[in-house]
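Chain by chain, the residues run as shown.
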Amino acid sequence: ALEPVSVGLAIGVASALAGYLSHPNFYCSYVECCPGAGHRINATALKMQLDTKLFGQHLAKDVVLKAVMGFSNNPSPKKPLTLSLHGWAGTGKNFLSQILAERVHPAGLRSKFVHLFLATLHFPHHEQVKLYKEQLQNWIRGNVSLCPHSVFIFDEMDKMHSGLIDAIKPFLDYYEQVDGVSYRKAIFIFLSNAGGDLINKAALDFWTSGKKREEIQLKDLEPMLSVGVFNNKNSGLWHSSLIDRNLIDYFVPFLPLEHRHVKMCVRAEMIARGYAVDEKVVQAVADEMTFFPKAQKIYSDKGCKTVQAKLDIHEDI
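Just so you know, these numbers come straight off a predicted model, no measurement behind them. Within any chain, residue numbers begin from 1 and follow the written order of that chain's sequence. Totals for whole chains, interfaces and linings use all residues, but because this is a predicted model, local features are given only for residues with pLDDT of at least 70 and pairs of side-chain atoms are given and counted only at 80 or more. To obtain the side-chain values, all non-hydrogen atoms of the structure were included, while hydrogens and water were left out.

Caption draft 1: Expanded view of the state of the cysteines. When two cysteine sulfur atoms are found within 2.5 Å, that pair is recorded as a disulfide. Under the counting rule described, the total for this entry stands at 3 disulfides. With a sulfur-sulfur separation of 2.0 Å, Cys28 is cross-linked through a disulfide to Cys33. Residues Cys28 and Cys33 share a disulfide whose torsion about the S-S bond is about -95°; that sign makes it left-handed. For every residue, the accessible area (1.4 Å probe, protein chains only) is compared with the maximum for its type, and the residue is labelled buried under 20%, exposed over 50%, or partly exposed between those bounds. For Cys28, a relative accessible area of 33% corresponds to the partly exposed category. Each sulfur of the disulfide joining Cys265 and Cys304 lies 2.0 Å from the other. Between Cys265 and Cys304, the S-S dihedral sits near 85°, and the bridge is therefore right-handed. Here the residue Cys265 occupies a position in helix α12 (residues 259–272), and Cys304 occupies one in the loop between β7 (299–300) and α14 (307–313), the gap between them amounting to 39 residues. Across the pair, Cys304 and Cys265 agree in class, each one buried. Think of it this way: any DSSP run of H or I at least four residues long counts as a helix, any run of E at least two long counts as a strand, and we number them from the N terminus.

Below you can see the structure in the form of structure tokens.
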């Protein structure tokens, strides 16, 4: 027969071990958990990533950093944070959204609390818009119920069927709850090429007038951008109630990248691959990019989008 002391000791050890294994800190070190109510985004880490990895976008960095930190530090926001990022391909919209997602959930796009929607992949057929609306609402409702700090990224908004995005309007509005669920801690990010032409023209006008691109302020672009997107049938936000009801907190312009910014992208990619930075290779890759306008050749027409592929050709060097 077992002695009572031995049995009691064994039960005590087992109970302590079970308690330790079930402790949130231990459990969440192995299984991803939704951040707690007091979760705050690390402003210093976010700023450092934006400063070292996002090139030529002083406006986007400044606006997003202030918007995100104000939202994160507010214990009781009145609505979800909603950002609409606009600019030509390769200017950093996807990159910034990924950085932001990683600051909320370390696994980034791999996180079960970060949801990426691609218009051409997830909503391909115009005749099924009604079904897509229902599916989208159910998906967002279900995931925010599981994690209030969910992040939703909608890419290719310029290819989104007109009216589809309005399905999420109730979740972005100033409601304390919708059907018993609060969406106020969630983040919604829209990515679009729409409005890129307007941004590029404004940047070129600044350059022509002898002003530095760093002098461009949000007030110089945001009103024009919101109106332009609202009236653009190919924006995904054409006559959208999200704009009409002022539910998008910021329209964030991404400026066209200059030759010097492309070279920054090349250097960053070389470092990421573990190479020593060779300025001859940097110059060679940058020279293979195409720039506009044709006469001045100031801005890269693909931003940094093809830098990785171009660098592949020079790997032997």
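Caption draft 2: Layout of the domain arrangement of the protein chain. Domain start and stop positions are those given by an automatic or database domain assignment. Split into domains, the protein chain comes out as domain 1 (43–254) and domain 2 (259–314). Each of domain 1 and domain 2 has a C-alpha centre, and the two are 27 Å apart. Throughout, a contact is declared for two residues whenever any of their heavy atoms are within 4.5 Å. Facing the 11 residues of domain 1 at the interface are 15 residues of domain 2. Across the domain 1 to domain 2 interface the summed buried area is about 1,100 Å²; carbon plus sulfur atoms make up 71%. When two components associate, each loses some accessible surface as probed by a 1.4 Å sphere; the sum of these losses over both components is called the buried area. Interface area lost by domain 1 to domain 2 is led by Phe55, Gly90 and Trp207, which between them contribute 42%. Counted as salt bridges are all cases of a side-chain nitrogen of Lys or Arg within 4 Å of a carboxyl oxygen of Asp or Glu. Counting every contact that joins domain 1 to domain 2 gives 1 salt bridge. Among the ionic pairs, Arg260 bridges to Glu214, the shortest N-O distance being 3.5 Å.

Caption draft 3: Structural context of the side chain of His161. When you line up the elements, His161 lands in the loop between β3 (151–155) and α8 (169–172). Using a relative accessible area of 14% as the deciding quantity, one classes His161 as buried. Among the polar contacts listed, one links the side chain of His161 to the backbone oxygen of Phe123, at a separation of 3.0 Å. Residue contacts for His161: discarding those within four places in its chain leaves Phe123, Pro124, His125, His126 and Val129. The term polar contact refers here to a pair of N or O atoms within 3.5 Å; inside protein, the definition further demands a hydrogen-donor-capable atom paired with an acceptor-capable atom, and it admits residues adjacent in sequence only when both atoms are side-chain atoms.

Caption draft 4: Spotlight on the nonpolar core. If you look at the biggest cluster of nonpolar residues, it comprises 71 residues, and the most contacted ones within it are Ile140, Phe154, Ile165, Ile168, Phe188 and Phe190. Ranked by residues supplied to this core, first place goes to helix α4 (residues 58–72) with 9 residues. When residues of this core are assigned to domains, at least three fall in each of domain 1 (43–254) and domain 2 (259–314). Core analysis: the next-biggest nonpolar cluster, separate from the first, contains 15 residues, Phe55, Leu257, Cys304 and Val307 among them. Note on terminology: a nonpolar core comprises buried Ala, Val, Leu, Ile, Met, Phe, Trp, Tyr and Cys residues joined through side-chain atoms within 4.5 Å.

Caption draft 5: Region of interest: the pattern of salt bridges. Within the structure shown, the criterion is met by 15 salt bridges. With its nearest N and O atoms 2.9 Å apart, the salt bridge here joins Arg267 to Glu279. Placement of Arg267 in helix α12 and of Glu279 in helix α13 (residues 279–287) is noted, with a sequence separation of 12 residues between them. The structure contains a network of salt bridges with shared partners spanning Arg213, Glu214, Glu258 and Arg260.

Caption draft 6: Seen up close, α13. Those residues of α13 that sit buried are Val281, Val282, Val285 and Ala286. Down the axis, α13 shows its buried residues gathered within 135° of arc, on one side only. Among the exposed residues of α13, those oriented more than 90 degrees off its buried face are Lys280 and Asp287. On its buried face, α13 is in contact with α12, β6 (291–292) and α14. The directions from the helix axis to the C-beta atoms are what the arc is built from.

Caption draft 7: Geometry of the pairing of strand β1 (residues 81–86). The buried count for β1 comes to 6 of 6 residues, which makes it a mostly enclosed element. Of the two faces of β1, the one holding Leu81, Leu83 and Leu85 and the one holding Thr82, Ser84 and His86 are both buried throughout. Only strands joined by at least two bridges in the DSSP assignment are considered to pair. Of the strand pairs in this sheet, β1 and strand β4 (residues 187–192) are connected by 6 bridges, and their pairing is parallel. Across the sheet, residue Leu85 finds its bridge partner in β4, namely Leu191. Across 4 bridges, the pairing between β1 and strand β5 (residues 250–253) is parallel. When the bridges of β5 are listed, Ser84 appears paired with Phe251.

Caption draft 8: Representation of the packing of aromatic side chains in the model. Note on ring pairs: Phe, Tyr and Trp rings are taken, using the six-membered ring of Trp, and paired if centres are within 6.5 Å. Classes follow the plane angle, with under 30 degrees stacked, over 60 edge-to-face and the rest tilted. All chains considered together, the criterion is met by 8 aromatic pairs. Working rule: Lys NZ or Arg CZ, within 6 Å of ring centre, within 35 degrees of ring normal, means a charge sits over the ring. Directly above the ring of Phe206 sits Lys211, whose terminal nitrogen or CZ lies 5.0 Å from the centroid.

Caption draft 9: Here's a closer look at the packing of α12 against α13. The axes are straight lines fitted to the C-alpha atoms, using for helices just the contacting stretch, and the angles between their N-to-C directions are given from 0 to 180°. Close contact between α12 and α13 brings their axes to 9 Å; oriented N to C, the two are set at 125°. Taken together, the axes of α12 and α13 lie oblique to each other. Along this stretch, α12 crosses α13, giving a crossing that reads as right-handed. From α12, His259, Val262, Lys263, Val266, Arg267 and Met270 reach across to α13, where they touch Glu279, Val281, Val282, Gln283, Val285, Ala286 and Asp287. By residue class, the composition of the contact of α12 with α13 is 7 nonpolar, 2 polar and 4 charged. Reported orientations rely on four angle classes, namely roughly parallel under 35 degrees, roughly antiparallel over 145, roughly perpendicular from 65 to 115, and oblique for the rest. Should the near helix be turned counterclockwise from the far one by less than a right angle, the crossing is left-handed, whereas a clockwise turn marks it as right-handed. Each residue gets one of three labels, nonpolar for Ala, Val, Leu, Ile, Met, Phe, Trp, Tyr, Cys and Pro, charged for Asp, Glu, Lys and Arg, and polar for the others, Gly among them.

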